[in-house]
Amino acid sequence: MKILKGQHLHVKHSRKGEFDAIALQEFDTETTEFYPLALAKGEYVKGVSVATFWLVGEEIPCRNSQCTITII
């Protein structure tokens, strides 16, 4: 699936849970290993480690094998 820069996405991540994100650049989910996404909305996402978290606007690493994305 081709994703365009600025598209709003819903992410279901096996380690980080569910959250909304914005595409930072255009990419193809078939060929890209790490999706270039930034966290959207007024929430934060906590990683597996308690010390790891991401706030709104920060780039959040999402490996294609660990998540599924849908366009909002």
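Preceding block: the structure.
Report on the accompanying structure. (Residues numbered from 1 in each chain as written. Predicted model: local features only at pLDDT ≥ 70, side-chain atom pairs only at ≥ 80, totals over all residues. Heavy atoms only, no water.)

1. Concerning the nonpolar core
Okay, step 1: In terms of nonpolar packing, the biggest core is built from 16 residues, with Val11, Phe19, Leu37 and Cys62 touching the most fellow members.
Okay, step 2: Where this core is concerned, the elements lending two or more residues are strand S2 (8–13), strand S3 (17–23), strand S5 (34–39), strand S8 (59–63) and strand S9 (67–71).
Okay, step 3: In this view, Leu37 contacts Leu9, Val11, Ala21, Ile22, Ala23, Leu24, Phe27, Glu58, Glu59, Ile60 and Cys62; residues no more than four positions away in its chain are not counted. (Core = buried A, V, L, I, M, F, W, Y, C linked by side-chain atoms within 4.5 Å. Buried < 20%, exposed > 50% of the residue type's maximum accessible area, 1.4 Å probe, protein only. Helix = DSSP H or I, 4+ residues; strand = E, 2+ residues; numbered from the N terminus. Contact = heavy atoms within 4.5 Å.)

2. As for the pattern of salt bridges
Okay, step 1: Going through the model one piece at a time under the given rule, you end up with 2 salt bridges.
Okay, step 2: A salt bridge links Lys2 to Asp28, with the shortest nitrogen-to-oxygen separation between them at 3.9 Å. Linking Lys2 in strand S1 (residues 2–3) with Asp28 in strand S4 (residues 27–28), this pair joins segments that are 26 residues apart in sequence.
Okay, step 3: In this structure Asp28 comes out as buried when scored by relative accessible area, which is 18%.
Okay, step 4: With a shortest N-O distance of 2.3 Å, Arg63 and Glu33 are connected by a salt bridge. A residue pair is termed long-range when its members are at least 10 positions apart, and Arg63 in strand S8 and Glu33 in the loop between S4 and S5 qualify at 30 residues.
Okay, step 5: Given a relative accessible area of 31%, Arg63 falls into the partly exposed group.
Okay, step 6: You can call Glu33 partly exposed: its relative accessible area is 39%. (Salt bridge = Lys/Arg side-chain N within 4 Å of Asp/Glu carboxyl O.)

3. Overview of the environment of Ala51
Okay, step 1: Tracing the chain through its elements places Ala51 in the loop between strand S6 (45–46) and strand S7 (53–54).
Okay, step 2: With relative accessibility at 66%, the residue Ala51 sits in the exposed group.
Okay, step 3: Measuring from C-alpha to C-alpha, the distance between Ala51 and Ala23 comes to 25 Å, with 28 residues separating the pair along the chain.

4. A few points about a nonpolar patch on the surface
Okay, step 1: Together, Tyr44, Phe53 and Leu55 make up a nonpolar patch on the protein surface, roughly 340 Å² of accessible area in all.
Okay, step 2: Within the secondary structure, Phe53 is located in strand S7. (Patch = residues over 30% accessible without salt bridge, like charges linked within 9 Å, V, L, I, M, F, W, Y side chains within 5 Å. Areas by Shrake-Rupley, 256 points an atom, 1.4 Å probe, with all protein chains shown as cover.)

These figures come from the coordinates and say nothing about function on their own.
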